[in-house]
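Residue-level structural notes
The primary structure of each chain is shown beneath.
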Amino acid sequence: MTGASLVVTDLRVEFSGFVAVGGVSFDAHPGEVRFLIGPNGAGKTTCIDAITGLTKATGSARHGDQELLGRPVHKIVRLGVGRTFQTASVFDELTVLQNLDIAAGRHRSSFSLLRARRGVDPSIEHALEETGLTGELTTPAGILSHGQKQWLEIAMLLVQDAKVLLLDEPVAGMSQDERTATGELLQRIAAKRIVLVVEHDMDFMRRFATRVTVLHQGQVLSQGTVAEVQADPKVQEVYLGTAGAATTAAMAVVLEKEG
Amino acid sequence: MTKNQESGMTKMKPWISLGGIGVLAVLLLAVAPLVLSDHWLNNLGKYSCWAIAAVGIGLAWGRGGMLVMGQGVFFALGAYSMAMHLTLETAGDRVPGFMVLYDPLAPLPMFWEPFRSTGFTLLAIVLLPVVVAGALGYALFKRRVKGAYFAILTQALAVALATLISSTIRETGGDTGLSDFKYFFGFVLNDPANRLMVYLIAAGLLIVCLLAVWQFYRSRFGELLVATRDAEERVRFLGYDPANVKLVAFVVSALMASIGGAMFVPIVGIITPAEIGAAASILMIAGVALGGRASLFGPALGAMAVGWGQSSLGSTWPDGWPYVLGLLFIVVILFLPYGLSSLPARFAALRRRPPKEQPAPAPAPAELEEVHS
Ligand SMILES: Nc1ncnc2c1ncn2[C@@H]1O[C@H](COP(=O)(O)OP(=O)(O)O)[C@@H](O)[C@H]1O
Ligand SMILES: [Mg+2]
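What counts and how
- Residues numbered from 1 in each chain as written.
- Chains lettered and ligands numbered in written order.
- Predicted model: local features only at pLDDT ≥ 70, side-chain atom pairs only at ≥ 80, totals over all residues.
- Heavy atoms only, no water.
- Helix = DSSP H or I, 4+ residues; strand = E, 2+ residues; numbered from the N terminus.
- Rg over C-alpha atoms; globule rule 2.2 N^0.38 Å.
- Buried < 20%, exposed > 50% of the residue type's maximum accessible area, 1.4 Å probe, protein only.
- Areas by Shrake-Rupley, 256 points an atom, 1.4 Å probe, with all protein chains shown as cover.
- Lys, Arg positive; Asp, Glu negative; His and termini not counted.
- Charge placed at Lys NZ, Arg CZ, Asp CG, Glu CD.
- Pairing = 2+ DSSP bridges.
- Contact = heavy atoms within 4.5 Å.
- Axes fitted to C-alpha atoms, helices over the stretch in contact; angles between N-to-C directions.
- Near = heavy atom within 4 Å.
- Polar contact = N/O pair within 3.5 Å; in protein donor to acceptor, adjacent residues only side chain to side chain.
- Nonpolar A, V, L, I, M, F, W, Y, C, P; charged D, E, K, R; others polar.
- Phe/Tyr/Trp six-rings, centres within 6.5 Å; stacked < 30°, edge-to-face > 60°.
- Donors = N, O, S within 2.8 Å, 3.2 Å for Na, K, Ca; no water.
- Buried area = accessible area lost by both parts, 1.4 Å probe.
- Salt bridge = Lys/Arg side-chain N within 4 Å of Asp/Glu carboxyl O.
- Patch = residues over 30% accessible without salt bridge, like charges linked within 9 Å, V, L, I, M, F, W, Y side chains within 5 Å.
- UniProt positions renumbered as here; feature names shortened; annotations may be inferred.

1. What about the overall build of chain B?
- On a plain count of helices and strands, chain B comes out with 18 helices and 4 strands.
- Taken over C-alpha atoms, the radius of gyration comes to 21 Å for chain B, in line with the 21 Å a tight globule of 373 residues would show.
- Summarising its shape, the C-alpha atoms of chain B cover approximately 80 × 50 × 40 Å along the three principal directions.
- Out of the 373 residues in chain B, the part that is buried amounts to 54%.

Written out as structure tokens, the structure is:
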């Protein structure tokens with residue numbers, strides 16, 4: 001195991017009395033593709049919001065020896081924690097290159113901001129190759145396909161040199177091939193980084209997860225390898241019982257396949 | 001034409017725009033003095049001052065998304081700094097003109113004294129807007145005040161400052177304003193040669209401001225500013241503090257407004273609260289919107305056009321002019337949200353409209369054409 005881990009302890013988020021996340025603990029290490037799953041409204045996005053400083057939370061979220069909670073968003077990013085959003089949010093009016101260049105910019109001096117860009121940073125070229133976007137260098141991000149936008153977001157995290165990548169439903173709306181490509185991409189980049197994926201798609205989870213945490217109503221329901229989690233009766237109850245129909249169906253398929 | 005082009009993130013070769021600035025420089029600095037009468041040259045100087053402020057508004061609003069409705073405040077900082085100096089220079093050892101009318105025996109207000117100095121005055125024109133906009137912008141942007149709240153707040157400041165000046169006739173000349181300047185840093189303002197020099201300084205400063213934003217727009221900062229305008233939260237998640245990005249653009253726009261205000265004084269010969277209040281601030285915005293807020297030349301040319309309308313139609317048909325301006329404004333907002341400068345690009349797109357929807361039409365050079373539009 002190389003590099004620092006992300007350790008979340010007793011994370012709590014309340015929205016005016018409503019407990020969205022009620023004391024969640026989990027950790028993630030470099031080298032694994034870590035999944036956070038759960039039915040709609042389980043609090044997955046809220047967990048990421050809390051870790052990245054978007055939402056106020058109590059408890060602790062540490063990256064190595066750095067406490068993340070309580071810092072402003074941009075400071076947390078500068079500590080190496082990056083994220084994507086459920087809806088792809090790239091700068092539509094800027095080209096792929098400009099998007100990546102801005103993402104790479106936090107390592108530059110303010111003065112160099114006043115100059116025009118000359119050439120393409122090696123880190124950007126590398127991220128483009130990694131995500132298969134090399135041919136789209138001068139394409140405005142707004143006209144990329146949905147899948148490409150998600151890849152661009154991941155590429156932005158790469159040039160940002162994020163050590164922790166928190167990805168909120170990165171394969172939602174992708175075709176099967178795109179999902180496979182994304183999963184393989186995540187496995188590659190996870191070698192040296194912490195990758196935490198929030199996902200709905202059980203099939204995708206099953207294929208690419210190393211460890212899984214299942215959230216339900218703001219609590220950790222189960223934690224472990226894919227097989228362990230799927231064998232957990234509590235998980236089966238939530239997914240086969242009262243939870244959201246779409247997720248139930250998806251999980252049922254997975255459970256059947258697993259036997 | 002993609003939306004990109006109209007809203008300013010053109011893939012235009014920056015050198016074409018630079019050529020455009022060159023053409024404008026030749027027109028303003030060489031051609032205009034040869035062909036225009038003294039009267040119209042003076043008017044063009046006045047429009048140039050508004051245009052300088054407009055270039056700053058283009059930066060803050062067009063590229064930065066901050067609807068700066070109170071640029072009159074910064075225009076006033078420059079204008080009144082200059083006017084106080086010229087008033088004192090004109091008065092020499094005697095009582096300044098505005099005090100003779102009201103209370104010739106009163107002592108000169110304390111804050112006037114330093115403006116006797118040329119150096120202090122020039123420094124004030126540059127530093128006052130930087131300090132005021134810096135403090136104001138810091139307070140507002142760190143608190144994430146934006147959109148309509150930001151617009152209303154800046155507008156309210158312009159109203160407040162105009163009211164303050166109106167009500168302090170002993171200290172500032174009140175509604176009558178400051179006027180009758182005889183000298184401009186030692187040069188007699190009556191002399192046509194000196195008036196030409198003052199015009200050339202104003203026009204030259206406009207060119208300098210255009211060059212400054214040209215560099216801003218092609219720099220990484222320009223891209224970051226557009227990104228902040230379009231998705232402030234996203235920028236935060238890339239490790240930047242958007243407040244700082246906006247602050248830089250806001251301070252630069254305030255500085256430009258102050259420079260415009262400072263040159264306005266020797267050219268027009270009078271400064272009053274009416275020139276810096278709500279109506280004046282909105283007129284500056286109107287010019288920028290007409291011309292095209294996110295383009296390089298749109299704000300300056302729009303401001304000049306509105307200034308020209310103001311002094312031609314506005315004086316021959318004062319009752320009708322506000323309606324003409326209002327109507328023009330509505331038409332542009334409705335049909336050309338990116339201003340008149342997006343017109344050539346629109347036409348080009350119409351002419352070469354592909355048979356079916358196509359993803360990325362090649363960008364066409366539009367900005368040079370703006371110079372002639
Ligand atoms: N800003 C907010 N204000 C109030 N309630 C919220 C807010 N954000 C999320 N919630 C609630 O918190 C719960 C968890 O939401 P979320 O984390 O988005 O779930 P998911 O697991 O689907 O990502 C939901 O019940 C949601 O309605
Ligand atoms: Mg969610």
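2. Let's talk about the overall build of chain A
- Each helix and strand counted, chain A has 10 helices and 10 strands in total.
- Here the C-alpha radius of gyration of chain A, 18 Å, is about what a compact globule of 259 residues would show, namely 18 Å.
- C-alpha atoms of chain A, sized along the principal axes, occupy 60 × 40 × 35 Å.
- Surface exposure of chain A reaches about 10,600 Å², of which carbon and sulfur atoms provide 52%.
- Charge separation in chain A, taken as the distance between the mean sites of 25 positive and 30 negative side-chain charges, equals 7 Å.

3. As for the sheet that holds strand β1 (residues 6–15) of chain A
Residues and elements named next belong to chain A.
- The sheet built from 4 strands is open, its strands ordered β2-β1-β4-β5 with antiparallel pairing. Edge strands, defined here as strands with exactly one partner in the open sheet, are β2 (18–28) and β5 (66–67).
- Here strand β4 (residues 58–63) runs beside β5; their pairing, made up of 2 bridges, is antiparallel. Bridging from a neighbouring strand, Arg62 pairs with Glu67 of β5.
- Contacting β1, β2 and β4, helix α1 (residues 44–51) crosses the sheet at an angle of about 110 degrees to β1.

4. Thoughts on the site of ligand 1
Residues and elements named next belong to chain A.
- Near ligand 1 the following residues occur: Phe15, Phe18, Ala20, Asn40, Gly41, Ala42, Gly43, Lys44, Thr45 and Thr46.
- Between an oxygen atom of ligand 1 and a side-chain N or O atom of Asn40, the distance comes to 3.4 Å.
- In the model, an oxygen atom of ligand 1 is placed 2.7 Å from a nitrogen or oxygen of the Thr45 side chain.
- Here ligand 1 loses 60% of its free accessible area of 560 Å² to cover by the protein chains.
- When residues of the shell around ligand 1 are traced back to their parent elements, those giving at least two are β2 and α1.
- The element best represented in the shell around ligand 1 is α1, accounting for 3 residues.
- Of the residues contributing to the shell around ligand 1, the split by class is 4 nonpolar, 5 polar and 1 charged.

5. Some details on the packing of aromatic side chains
- All told, the structure shown has 15 aromatic pairs over all chains when counted by the stated rule.
- Ring geometry for Phe85 of chain A and Phe237 of chain B: centres 5.1 Å apart, planes at 80 degrees, overall edge-to-face. Highlighted residues: Phe85 of chain A in the loop between β6 (81–83) and α3 (96–104) and Phe237 of chain B in the loop between α11 (232–236) and α12 (242–268), drawn from two different chains. Take Phe85 of chain A and Phe237 of chain B: they sit in the same class, and that class is buried.

6. With respect to the coordination of the magnesium ion (ligand 2)
Residues and elements named next belong to chain A.
- Around the magnesium ion (ligand 2), the donor atoms from the protein are Thr45 (OG1) and Gln86 (OE1), and they sit 2.0 to 2.6 Å away. Note that Thr45 is positioned in helix α1 and Gln86 in the loop between β6 and α3, a separation of 41 residues in sequence.
- For Thr45, a relative accessible area of 24% puts it in the partly exposed group.

7. Looking at the pairing of strand β7 (residues 164–168) of chain A
Residue and element names in this part refer to chain A.
- Where burial is concerned, most of β7 is hidden: 5 out of the 5 residues are buried.
- Going residue by residue along β7, you find Val164, Leu166 and Asp168 tucked away on one face and Leu165 and Leu167 tucked away on the opposite face as well.
- The sheet contact formed by β6 and β7 spans 3 bridges and is parallel. Bridge assignment links Arg83 to a residue of β7, and that residue is Leu166.
- Sheet analysis places β7 next to strand β8 (residues 194–199), joined by 5 bridges and oriented parallel. Across the sheet, the residue bridging to Leu167 is Val197, located in β8.

8. Regarding the sheet that holds strand β3 (residues 33–37) of chain A
All names here are of chain A.
- With respect to topology, 6 strands assemble into an open sheet ordered β6-β7-β8-β3-β9-β10, the strand pairing being mixed. What marks the edges here is a single partner per strand, and that holds for β6 and β10 (219–224). Each strand axis lies, on average, 20 degrees off the axis of its neighbour in the sheet, ignoring direction.

9. Side note on the interface of chain A and chain B
- Contact with chain A, which involves 33 residues of that partner, is made by 29 residues of chain B.
- For the chain A and chain B pair, buried surface summed over both sides reaches about 2,900 Å², with 60% attributable to carbon and sulfur atoms.
- Our count for the contact surface shared by chain A and chain B stands at 4 salt bridges.
- Residues Arg229 of chain B and Glu93 of chain A are paired through a salt bridge, measuring 3.3 Å at the closest nitrogen-oxygen approach.
- Here chain A is connected to chain B by 15 residue pairs in polar contact (both at pLDDT 80 or more).
- When residues of the side of chain A that touches chain B are traced back to their parent elements, those giving at least two are α2 (73–78), α3 and α5 (146–159) of chain A.

10. Quick look at the pairing of β3 of chain A
All names here are of chain A.
- Across the 5 residues of β3, 5 count as buried, placing the element largely inside the fold.
- Every second residue of β3 is oriented toward a common face, with Val33, Phe35 and Ile37 on one face and Arg34 and Leu36 on the other, all of them buried.
- Two strands pair when backbone bridges link them, and β3 and β8 are joined in this way by 5 bridges, in the parallel orientation. Bridge pairing in β8 places Leu36 opposite Val198.
- Note that β3 and strand β9 (residues 211–216) share 4 bridges and pair parallel. Residue pairing for β9: Ile37 is matched across the bridge by Val214.

11. Some words on a nonpolar patch on the surface
- Among the surface-exposed residues, Val23, Val26, Leu27, Val31, Leu34, Val35, Leu36, Trp40 and Trp308 of chain B lie close enough to one another that they form a single nonpolar patch of about 830 Å² accessible area.
- Here the nonpolar patch gets 6 residues from one element, more than from any other, and that element is helix α2 (residues 14–35) of chain B.

12. Observations concerning the UniProt feature "transmembrane region" (unreviewed entry) in chain B
All names here are of chain B.
- Mapped onto this numbering, the UniProt entry gives "transmembrane region" (unreviewed entry) at residues 47–77, 120–141, 196–217, 247–271, 283–308 and 320–343.
- Strand forms 0% of residues 120–141 and helix 100%; the C-alpha atoms that close the span are 30 Å apart.
- Overall, residues 320–343 shows 67% helix and 0% strand. The separation of its end C-alpha atoms is 26 Å.

13. Examining the environment of Ala227 of chain B
- Among the secondary structure elements, Ala227 of chain B is positioned in helix α10 (residues 220–230).
- Residue Ala227 of chain B is classed as buried on the basis of its relative accessible area of 0%.
- Note: C-alpha distance between Ala227 of chain B and Pro242 of chain B (15 residues apart in sequence) is 9.5 Å.
- With residues near it in sequence (within four places) discarded, Ala227 of chain B still touches Phe91, Leu94 and Ile102 of chain A together with Glu232 and Val235 of chain B.

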